[in-house]
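Secondary and tertiary structure notes
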Amino acid sequence: MSEHWEEEGPYGHPLIATLAGGALLVLAALIGPRIAAPLPLPALLIGGAAAGLVLWLIGFVATTRHASLVWKLGSLVLLIGAGAGAALIAHGQFQTRSRADASSFAEIELTADGSVILPQGIAGRGPVSALYAEAVQAEAAEKRAFADALTRFGAASLNSPYLLQQNPRPIQDCAAIDDVRALAVSQSAKRLERRAALARAVGSASLPVAAKQGITQIVGDAKADPVLTNQQALLDATAQLCTLLARKTWVNANAYFGFPNGADMAAFKAINARRQALSGDADAIDAAAKTRILAGREQVRDALSHSIYTKE
């Protein structure tokens, strides 16, 4: 007993200090991912080793300085190693949480018209999943609102002389289409804002780069909105058609618009050709979005199939 006392010196309890430090590191690794933003694995390893060194210094001042040189060096190595191990635990926790979040994007499906089908429980899988679910639901509501606005304006009547004869209101107030234009601009701003918020959330997630790229591809560009460009061009052409029809130089020629005036007929054909081309562009935009989403989904699936310790 006296020999052991002489070896460690008075108040020399390096084992207790080392175990206490290790316990604190493990506790931090378990709690930290719940309250802190994720960090890359190299940063976690450096931080964990540094935390182990700090705890060793505290233990050294408190008690280990009274111990033998073997204990001093051994406890230093053990705590730095424990810090690195705690970093791996924290990384695993970050990855587990983030991958549960990213799994939503690996499980999405599309309907025949390209609408997104969200997986069950997506809102509870993580912040990125919750934001995406809100974005998909908001975009679906906005599409319905845009279609309703066109219906209120009476856009369908501009395609049929019979309907226009039954309800001439659209050509009596062509300026009302400006309300639809304003709605399109407002919806686009919100759409891009949601995409930007998702991009920020994806950027801070602890995921492989490939998974982040796949999710970003699914979400869409936060700076450009081809849908708005197409909508504005189509609304411009519709306004031109409304103005032409408001002149009432047309007749109902067996459910087709007839124009005794050759210039008006040429203008009508040009506007209709423009509208048809823009409708084709809208279909192409939808098809490109479908292709983009499916490609992004496959990239996320592939990224999540690799180890959590794969280099990002």
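Before any of the text, the structure's been laid out above.
This report concerns the structure included in the present document. (Residues numbered from 1 in each chain as written. Predicted model: local features only at pLDDT ≥ 70, side-chain atom pairs only at ≥ 80, totals over all residues. Heavy atoms only, no water.)

This part takes up the pattern of salt bridges. Side chains carrying opposite charge are able to pair once their charged atoms draw close together. Inspection of every chain in the model, using the stated rule, returns ten salt bridges. Linking D236 and R181 is a salt bridge whose minimum nitrogen-to-oxygen distance equals 3.0 Å. Pair noted here: D236 is in helix 10 (residues 226–246) and R181 is in helix 8 (residues 177–204), with a separation of 55 residues, a long-range link. By sharing partners, the salt bridges in this structure join E109, R297, E298 and R301 into a single network. (Salt bridge = Lys/Arg side-chain N within 4 Å of Asp/Glu carboxyl O. Helix = DSSP H or I, 4+ residues; strand = E, 2+ residues; numbered from the N terminus.)

Considered as a void within the structure, the largest pocket measures approximately 1,200 Å³ in volume. For the lining of the largest pocket, the elements supplying multiple residues, two or more each, are helix 5 (127–153), helix 8, helix 9 (209–219), helix 10 and helix 11 (262–304). Here the element with the most residues in the lining of the largest pocket is helix 5; it accounts for ten residues. (1 Å grid on protein atoms, 1.4 Å probe; cavity = no way out; pocket = protein on both sides within 12 Å on 5 of 7 lines; lining within 4 Å. Points joined across faces, edges and corners; volume = space filled by probe spheres on them.)

Relative to the elements of secondary structure, S129 occurs in helix 5. Side-chain polar atoms of S129 contact the side chain of S104, separated by 2.7 Å. Those residues in contact with S129 that lie beyond four places of it in its chain are D101, S104, F105 and I122. (Polar contact = N/O pair within 3.5 Å; in protein donor to acceptor, adjacent residues only side chain to side chain. Contact = heavy atoms within 4.5 Å.)

With the rule as written, the count across this model stands at one disulfide. A disulfide bridge connects C174 with C242, and the sulfur atoms are separated by 2.0 Å. Between C174 and C242, the disulfide has an S-S torsion of -85° and is therefore left-handed. Of the two residues, C174 sits in the loop between helix 7 (169–172) and helix 8 while C242 sits in helix 10, which places them 68 residues apart along the sequence. In this structure, C174 and C242 share a single accessibility class: buried. (Disulfide = S-S within 2.5 Å. Buried < 20%, exposed > 50% of the residue type's maximum accessible area, 1.4 Å probe, protein only.)

Before going further, it helps to spend a moment on the environment of D281. Looking at the secondary structure, you find D281 in helix 11. Given a relative accessible area of 40%, D281 falls into the partly exposed group. Between the C-alpha atom of D281 and that of N230, which follows or precedes it by 51 residues, the distance is 7.3 Å.

Taken by themselves, the reported measurements are silent on function.
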